[in-house]
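This is what each chain is made of:
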Amino acid sequence: MHSKIVIVGGGAGGLELACKLGRKLGPQAVTLVDSRQFHIWKPSLHEVAAGTLDVHQEGLSYPMLAHDNGFTFVYGPMQALDEAGRRLTIGPIYSGDSGQREQVLPERRIGYDALVLAVGSVSNYFGVPGAAEHTISLNATEDAERFRLTLLKLLTQAELRKSTRPEAGVDIVIIGGGATGVELAAELREASGVYAAYDFHRLDAERDVRITLLEGAPRILAPLPDKVAAAALDLLRERAVTVVTDTRVTAITADSVTAGDVVYPAQLVVWAAGIKAPPWLAQLGLPVAKSGQIEVDGHLAVPGHPGIHALGDCAACAGPDGKPVPPRAQAAHQQADYLFQAFMRQHQGRAPQAHPYVYRDYGSLVSFGQTTTVGSLMGSLKGLSWFVDGLVARLMYVSLHLMHHRAVLGTVRTGVLALARFLIKRSTPLVKLH
Ligand SMILES: Cc1cc2nc3c(=O)[nH]c(=O)nc-3n(C[C@H](O)[C@H](O)[C@H](O)COP(=O)(O)OP(=O)(O)OC[C@H]3O[C@@H](n4cnc5c(N)ncnc54)[C@H](O)[C@@H]3O)c2cc1C
């Protein structure tokens, strides 16, 4: 099998690129490889974890997206690169658990003329003892689902214990006060009220579902303007989330988190304190930065390795000011757009783009449950930003997700899907209970 452009990773950036190129060049010329069978927009994973978004309703199947957008989909994890032969190795797929594994798809090789690596990121535990073993991160759908099922189990156990032990409850510790940690804390608080109302009548959500957010920096949402961080802190405190800043986590066990001199009881711990590139990228023979990300130049090409590009969280790309492009969905989206233009110019026999990719920060929006959003929007003047909240901020937050869907599904289907989901949300439980 040989395809001209092979994109590995169908996430926020890679999937948009595959859809755009597929619609222009067709399945013979464009292949997408992903280790999963369906796509979820990663910024919604905190909703999956809290149970307010059903992963089976939200997920978009790659074979369907491939059929509708005109690319070829290959299911399996990329494992190795043969640069001289311009081929990738895609690992086998197994069914069942580790006890009874059965091979469903064998190892495969795919040829390429141009390769785009867009495989995202994994958690960076910074060597904190117990972090890898005892925390759940929100880097993949499976993690978010595992969190949700563990939360349901803990709520059930707390409900049963409540009649004999009045202090019974669930202690959740979120490590990392960036956007992921803050959004998860708020979403969990809202969801815990719904869980208590539906099924856990002995539990008082605010009193018995105890949520603590630990942040190492002097304030939460460190990269965002002070006003946004202050508004976010007020909203979290209103929702009875305990926020502790300027504290370093030093150890995590199965039932506790130690930070400084304090030991926090913790039955469910979320690691949202940092990401890094997937470690296997460093084995490919490509240049990598300290963070493990693949180094790319201003055209998102890997210097000295013709035909290979990287984008999104797994790429180390510096702006004209030398600052690294942040690992964000809006950067992955812009980079996908830049590479789309580059490949189309190549296909049409036009000269390559003269201008390099420049990251444009449009601002940041932080969601607090299903109704509240705060954030900042960047103006065209350098450094100037506006605080936004209320309905405007909420509509803008929702529109980001819709814009991603529009890029992969088209305008009409995105509209129909948005309407269908609006109606489904009003006829099904507000949180997923099974
Ligand atoms: C809870 C949460 C909230 C967020 N909120 C925001 C936000 O509000 N705004 C914002 O800009 N950013 C946000 N982000 C960050 C944003 O989600 C990421 O920066 C963005 O998804 C990166 O896109 P990507 O295409 O590089 O990788 P991803 O979207 O992570 O996609 C990577 C893809 O690669 C696939 N893959 C991985 N390994 C392999 C392999 N070996 N072989 C084949 N396929 C592989 C994965 O299955 C996945 O489909 C948030 C992140 C989280 C977790």
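Residues numbered from 1 in each chain as written. Predicted model: local features only at pLDDT ≥ 70, side-chain atom pairs only at ≥ 80, totals over all residues. Heavy atoms only, no water.

Counting its regular elements, the protein contains twelve helices and 26 strands. Relative to the 2.2 N^0.38 estimate, which gives 22 Å for 434 residues, the radius of gyration of the protein is 22 Å and therefore close to what a compact globule would have. Oriented by its inertia axes, the alpha-carbon framework of the protein measures out at about 70 × 60 × 45 Å. Residue burial in the protein is summarised as follows: out of 434 residues, 51% are buried. Within the protein, counting contacts between residues at least 6 apart in sequence, those at least 24 apart form 65% of the total. Taking the average location of the 41 positive side-chain charges in the protein and that of its 40 negative ones, the two points are 4 Å from each other. (Helix = DSSP H or I, 4+ residues; strand = E, 2+ residues; numbered from the N terminus. Rg over C-alpha atoms; globule rule 2.2 N^0.38 Å. Buried < 20%, exposed > 50% of the residue type's maximum accessible area, 1.4 Å probe, protein only. Contact = heavy atoms within 4.5 Å. Lys, Arg positive; Asp, Glu negative; His and termini not counted. Charge placed at Lys NZ, Arg CZ, Asp CG, Glu CD.)

So, on to the sheet that holds strand E12 (residues 136–137). Read across the sheet, five strands follow the order E12-E19-E13-E14-E15 without closing on themselves; strand pairing throughout is parallel. A strand with exactly one partner marks an edge of an open sheet, and here the two such strands are E12 and strand E15 (241–244). Bridge count between strand E13 (residues 170–175) and strand E14 (residues 209–214): six bridges; the pairing is parallel. Its bridge partner being in E14, Val 173 is matched across the sheet by Thr 212. Contacts between helix H7 (residues 179–198) and the sheet are confined to E13, E14, E15 and strand E19 (268–271), with E14 contributing the most and set at about 170 degrees to the helix. (Pairing = 2+ DSSP bridges. Axes fitted to C-alpha atoms, helices over the stretch in contact; angles between N-to-C directions.)

Near the ligand there are 31 residues, and of these Gly 13, Asp 34, Arg 36, Asp 313 and Ala 329 occur at the shortest range. In this structure, an oxygen atom belonging to the ligand sits 2.8 Å away from a side-chain N or O atom of Asp 313. Within the backbone of Gln 330, a nitrogen or oxygen atom sits 3.3 Å from an oxygen atom of the ligand. Listed by contribution, the elements that provide at least two residues to the shell around the ligand are strand E2 (30–34) and helix H10 (329–347). Of the residues forming the shell around the ligand, the biggest block, three residues, is contributed by H10. Considering only residue class, the shell around the ligand consists of 14 nonpolar, twelve polar and five charged. (Near = heavy atom within 4 Å. Polar contact = N/O pair within 3.5 Å; in protein donor to acceptor, adjacent residues only side chain to side chain. Nonpolar A, V, L, I, M, F, W, Y, C, P; charged D, E, K, R; others polar.)

This paragraph deals with the layout of surface pockets. Taken as a whole, the second largest pocket holds about 1100 Å³ of empty space. As for the second largest pocket, its lining consists of 35 residues, and the residues nearest its centre are Glu 47, Leu 53, Gln 370, Arg 421 and Lys 425. At the level of secondary structure, the elements contributing two or more residues to the lining of the second largest pocket comprise helix H3 (55–58), H7, helix H11 (390–409) and helix H12 (411–425). Ranked by the residues each element gives to the lining of the second largest pocket, the list is headed by H12, at seven residues. (1 Å grid on protein atoms, 1.4 Å probe; cavity = no way out; pocket = protein on both sides within 12 Å on 5 of 7 lines; lining within 4 Å. Points joined across faces, edges and corners; volume = space filled by probe spheres on them.)

The next point concerns a nonpolar patch on the surface. On the surface, a cluster of nonpolar side chains totalling about 260 Å² of accessible area is made up of Tyr 198, Leu 430 and Leu 433. Residue placement: Leu 430 occurs in the segment after H12. (Patch = residues over 30% accessible without salt bridge, like charges linked within 9 Å, V, L, I, M, F, W, Y side chains within 5 Å. Areas by Shrake-Rupley, 256 points an atom, 1.4 Å probe, with all protein chains shown as cover. Salt bridge = Lys/Arg side-chain N within 4 Å of Asp/Glu carboxyl O.)

Right, let's get into the domain arrangement of the protein. According to the domain assignment, the protein contains domain 1 (2–121 + 277–347), domain 2 (131–271) and domain 3 (363–425). Each of domain 2 and domain 3 has a C-alpha centre, and the two are 25 Å apart. The interface is formed by 15 residues belonging to domain 2 together with 15 residues belonging to domain 3. Taken together, the two surfaces of domain 2 and domain 3 that pack against each other cover about 1200 Å², and 67% of this comes from carbon and sulfur. The interface formed by domain 2 and domain 3 contains zero salt bridges. Run the count over domain 2 and domain 3 and you get four residue pairs in polar contact (both at pLDDT 80 or more). For the side of domain 2 that touches domain 3, the leading source of residues is helix H9 (residues 226–238), giving six residues. Residues belonging to the side of domain 2 that touches domain 3 are distributed by class as follows: ten nonpolar, no polar and five charged. (Domains from an automatic or database assignment. Buried area = accessible area lost by both parts, 1.4 Å probe.)

Under the definition given, this model contains zero disulfides. Looking at Cys 19, it has no disulfide partner, and the nearest cysteine sulfur is the one in Cys 314, 18 Å off. Of the residues examined, Cys 19 reaches a relative accessible area of 0% and is grouped as buried. In this structure Cys 314 is a free cysteine whose sulfur lies 11 Å from that of Cys 317, the closest cysteine sulfur available. (Disulfide = S-S within 2.5 Å.)

What follows deals with the nonpolar core. Grouped together as the largest cluster of nonpolar side chains are 58 residues, with contacts concentrated most on Leu 17, Leu 21, Phe 71 and Leu 117. Leave out the neighbours within four places in its chain, and Leu 17 touches Ile 7, Val 116, Leu 311, Ala 336, Leu 339, Phe 340 and Phe 343. With 49 residues, the next largest nonpolar core counts Phe 200, Ile 211, Leu 221 and Val 243 among its residues. (Core = buried A, V, L, I, M, F, W, Y, C linked by side-chain atoms within 4.5 Å.)

Here the focus is the pairing of E19. Side chains Leu 268 and Val 270 project from E19 onto one buried face, and the interleaved Val 269 and Trp 271 project onto a second face that is buried too. With two bridges connecting them, E12 and E19 associate as parallel partners. Directly across from Ile 136, in E19, lies its bridge partner Val 270. Sheet topology places E13 next to E19; four bridges connect them, and they run parallel. Looking across to E19, one finds that Val 173 is bridged to Val 269.

Counting buried residues in strand E24 (residues 363–368) gives six out of six residues, a clear majority hidden from the surface. Because side chains alternate across E24, one face comprises the buried residues Gly 363, Leu 365 and Ser 367, and the other comprises Ser 364, Val 366 and Phe 368, equally buried. As defined by bridge partners, E24 adjoins strand E25 (residues 372–378) across six bridges and the pair is classed as antiparallel. Counted as the bridge partner of Leu 365 is Gly 375 from E25. Linking E24 to E25, which pair antiparallel, is a turn of three residues; within it Gly 369 sits at a positive phi near 75 degrees.

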